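Structure assessment
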Amino acid sequence: MAKTKTTFFCQNCGAQYAKWLGQCKSCNEWNTIVEEVIQKEEKRNWQQSSTSKKTNKALKINEISSEKEDRISTKNNELNRVLGGGIVKGSMTLLGGEPGIGKSTLLLQIALTIPKKVLYVSGEESQSQIKMRAERLKIANTNCLILTETNTQHIFRAIEEVQPEVVVIDSIQTLFTDYIEASPGSISQIRETTAELIKFAKETATPVLLIGHITKDGNIAGPKILEHMVDVVLQFEGDRNHTYRILRANKNRFGSTAEIGIYEMQNVGLREVENPSEILISQKDDDLSGTAIAATLEGIRPLMIEVQALVSTAVYGTPQRSSTGYDIKRLNMLLAVLEKRAGFRLGAKDVFLNIAGGIKVDDPAIDLAVISAILSSNEDEAIPQDYCFAAEIGLAGEIRPVNRVEQRILEAEKLGFHKIFISKFNKINTGNYTIKVVKVSKVEDIFANLFA
Ligand code: TYD
Ligand code: MG
């Protein structure tokens, strides 16, 4: 059909073959050989390319004008925040996440609310399925066109016809180009179709939003090079059994990767959560033992998170340790610290730990709250509801300082907490706050403060 030359390369050593092989003959690696285009037919895929052939000139750095990127602001503040202020024109954004987490819902919602002409291309769902989802979202819109297509040449034809200002593709793993024989989702197809879309995005200044599947271990399926090719990599995560979802930028050429967006999945789509702390802390009437609130940071956003612990006498010979939302190894480490450094006998007890709201935390500042919750459950004595914690625990049982502690204290103060426990080694002036800031240096201190 097309006058395109392809050949097969080993991804490991670069050896070249005329046909596909299971094992590379020169480096003996298995499954590393993929098809690549080496010579493309002229005037293919993106037609306008021939007219806009301009060559770039080298400039001195002070001659380059530093105007801001042209951004399209979406109606979705959480997404704008994560992107650094909106979608940059001509940029490629890749959104990854587990199946069923809400990637299609998020991008359809963006496509329906953004005040621009959008072409939403789906290779996964039929037009009527998408229509049904749009009805569920209850957003009226006449400026969003839906196309079900997987062939990039056909997609480019539709783009020329429709002239959209934003293009959404669901998903990159379903696309294929005529120029490569490999099946959709294979390494060579993903690389080639992404390259075609990038060329289109850069030459027409139209932003493209791509959905990407992830593999079992959480990486975006396909070649690693996919993440290098695009400008922004977003990750949509959360526990499918809970309603909260976190949107994170793993890579952002136009902004910080420290911002996060928080959503709640409702039956009318994703709702933006502006004040996450208030929902992540469960409502209760009585003081219950075994809960402690941690002042954590997700990226640069302060979040108050509830840690729940249950300590009970082991029923079976070997005590159980289980943890949801918190690293189990770190839990074991903290239990060992409590046992060895502070003399609490937890070795024969079952310990269960849970982070409320189904979110995962890796901020070490949560350690102190974890220990406090465990001690509270072990003593069966509640921690007052207006106390919170922000410090890391070291192997010697010392309470270590954490970064941006002022921001955490301010968030706690804003939400009406009366006492926050931090490390003695955090150099701040406690007199600046109306909330009472208590500095502690050892695990025993925290016990003395709470239960003695
Ligand atoms: P979806 O966007 O299809 O996930 P992905 O594209 O990441 O695979 O999300 C599907 C899930 O979201 C599905 O389990 C149903 C749920 N959902 C809601 O709870 N409310 C809604 O309004 C919509 C549209 C979906
Ligand atoms: Mg989907």
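No experiment lies behind these values; they were computed from the predicted model shown. Residue positions are given per chain, counted from 1 along the sequence in the order it is written. Key to labels: chains lettered from A, ligands numbered from 1, both in the order written. Where local features are concerned, this predicted model is filtered to residues with pLDDT of at least 70; where side-chain atom pairs are given and counted, the filter is 80 or more; whole-chain, interface and lining totals use all residues. The basis for the side-chain values is all heavy atoms of the structure; hydrogens and waters are excluded.

Attention now moves to helix H11 (residues 443-451). Turning to H11, its buried residues number three or more, namely Val 443, Ile 446, Leu 450 and Phe 451. The arc that holds the buried residues of H11, viewed along the axis, is 90 degrees, so those residues lie on one side. Only protein chains enter the accessibility calculation, which uses a 1.4 Å probe. A residue is then buried if its area is under 20% of the maximum for its type, exposed if over 50%, and partly exposed in between. Starting at the N terminus, helices and strands are each numbered in turn, a helix being any DSSP run of H or I of at least four residues and a strand any DSSP run of E of at least two. Arc, as used here, means the arc of the directions from the helix axis to the C-beta atoms.

Once that is clear, we can look at unusual backbone geometry. Looking along the chain, the bond that leaves Asp 170 and enters Ser 171 is cis, with omega of 0 degrees. Within the element layout of this structure, Ser 171 appears in the loop between strand S9 (166-170) and helix H5 (187-204). At Lys 138, a residue that is not glycine, the phi angle is positive and equals roughly 55 degrees. Inspection of the secondary structure assignment puts Lys 138 in the loop between helix H3 (127-137) and strand S8 (144-148).

Surrounding ligand 1, one finds 15 residues, the nearest of these being Gly 100, Ser 104, Thr 105, Gln 266 and Gly 269. By the criterion applied in these results, polar contacts are pairs of N or O atoms within 3.5 Å in which, for protein atoms, one can donate a hydrogen and the other can accept it, and in which residues neighboring in sequence qualify only through two side-chain atoms. Within the backbone of Lys 103, a nitrogen or oxygen atom sits 2.8 Å from an oxygen atom of ligand 1. Between a nitrogen atom of ligand 1 and a side-chain N or O atom of Arg 136, the distance comes to 3.3 Å. The protein chains shown are the only cover counted for residues, whose accessible areas, like all others here, come from Shrake-Rupley with a 1.4 Å probe. Across the complex, the protein chains shield 75% of the 560 Å² of accessible surface that ligand 1 would expose by itself. If you list the elements that add at least two residues to the shell around ligand 1, you get helix H2 (103-113), H3 and strand S13 (260-266). Residue contributions to the shell around ligand 1 peak at 3 residues, all from H2. A single heavy atom is enough: if one lies within 4 Å of a molecule or strand, its residue is considered near that molecule or strand.

This part is about a nonpolar patch on the surface. A cluster of nonpolar side chains, contributed by Leu 59, Ile 61 and Ile 64, occupies part of the molecular surface with about 340 Å² of accessible area. Position of Ile 64 among the secondary structure elements: in the loop between strand S3 (33-39) and strand S4 (71-72). A relative accessible area of 46% places Ile 64 in the partly exposed class. Think of a patch as exposed residues, more than 30% relative accessible area, with no salt bridge, where like charges cluster within 9 Å and nonpolar side chains (Val, Leu, Ile, Met, Phe, Trp, Tyr) cluster within 5 Å. The working definition used for a salt bridge is a side-chain nitrogen of Lys or Arg within 4 Å of a carboxyl oxygen of Asp or Glu.

Okay, the nonpolar core next. Working definition of a nonpolar core: buried Ala, Val, Leu, Ile, Met, Phe, Trp, Tyr and Cys residues. They are joined through side-chain atoms within 4.5 Å. Counting residues in each nonpolar core, the largest one holds 49 residues, and the members touching the most others are Ile 366, Leu 368, Val 370, Ile 374, Phe 389, Phe 421 and Ile 446. Whether two residues are in contact is decided by their heavy atoms: any pair within 4.5 Å suffices. Ignoring any residue separated from it by four or fewer positions in sequence, one finds Leu 368 in contact with Phe 389, Ala 390, Ala 391, Ile 393, Ile 399, Phe 421, Val 440 and Ile 446. Within the second largest apolar cluster, 31 residues are counted, among which are Val 82, Leu 112, Tyr 120 and Leu 247.

Attention shifts here to the packing of aromatic side chains. Only Phe, Tyr and Trp rings take part, Trp by its six-membered ring, and two of them pair if their centres are within 6.5 Å. Stacked means planes under 30 degrees apart, edge-to-face means over 60, and tilted covers everything else. As enumerated under the stated definition, the model contains 6 aromatic pairs in all. For the ring pair Phe 344 and Phe 447, a centre distance of 5.1 Å and an interplane angle of 55 degrees mean the geometry is tilted. Placement of the pair is Phe 344 in the loop between helix H8 (328-342) and strand S18 (349-355) and Phe 447 in helix H11, with a sequence separation of 103 residues. Grouped by ring-pair contacts, the aromatic residues Phe 344, Phe 447 and Phe 451 constitute a single cluster.

Right, let's get into the sheet that holds strand S12 (residues 244-252). Here 9 strands make up an open sheet; going across it, the order is S8-S7-S9-S10-S6-S11-S12-S13-S14 and the pairing mixed. For this open sheet the edge positions go to S8 and strand S14 (269-272), each flanked by a neighbour on one side alone. Recorded for the sheet is a direction-independent mean angle of 25 degrees between the axes of neighbouring strands. As defined by bridge partners, S9 adjoins strand S10 (residues 208-213) across 4 bridges and the pair is classed as parallel. Across the sheet, residue Ile 169 finds its bridge partner in S10, namely Leu 210. Strands in contact with H3 are strand S7 (118-122), S8 and S14; relative to S8, the strand with the most contacts, it is inclined by about 145 degrees. At least two bridges found by DSSP between two strands is the condition for calling them paired. Axis angles are defined between N-to-C directions and span 0 to 180 degrees, where every axis is a line fitted to C-alpha atoms and, for a helix, only to the segment in contact.

Bringing a positive patch on the surface into the picture now. Taken together, the side chains of Lys 424, Lys 427, Lys 439 and Lys 442 present a region of like positive charge at the surface. When you line up the elements, Lys 442 lands in the loop between strand S23 (436-440) and H11. Take Lys 442: its relative accessible area is 42%, and that puts it in the partly exposed class. Under the convention used here, Asp and Glu are negative, Lys and Arg are positive, and both His and the chain ends fall outside the count. By convention, the charge on Lys lies at NZ, on Arg at CZ, on Asp at CG and on Glu at CD.

A few words now on the packing of H2 against H3. Contact geometry for H2 and H3: axes closest at 11 Å, N-to-C directions at 75 degrees. Here H2 lies roughly perpendicular to H3, going by the angle between them. Contacts between H2 and H3 involve Ser 104, Thr 105, Leu 108, Gln 109 and Leu 112 from the first element and Ile 130, Arg 133, Ala 134 and Leu 137 from the second. For the contact of H2 with H3, the per-class residue count stands at 5 nonpolar, 3 polar and 1 charged. When an angle is under 35 degrees it counts as roughly parallel; over 145 it counts as roughly antiparallel; between 65 and 115 it counts as roughly perpendicular; any other value is oblique. Polarity classes work like this: nonpolar for Ala, Val, Leu, Ile, Met, Phe, Trp, Tyr, Cys and Pro, charged for Asp, Glu, Lys and Arg, and polar for all others, with Gly in that last group.

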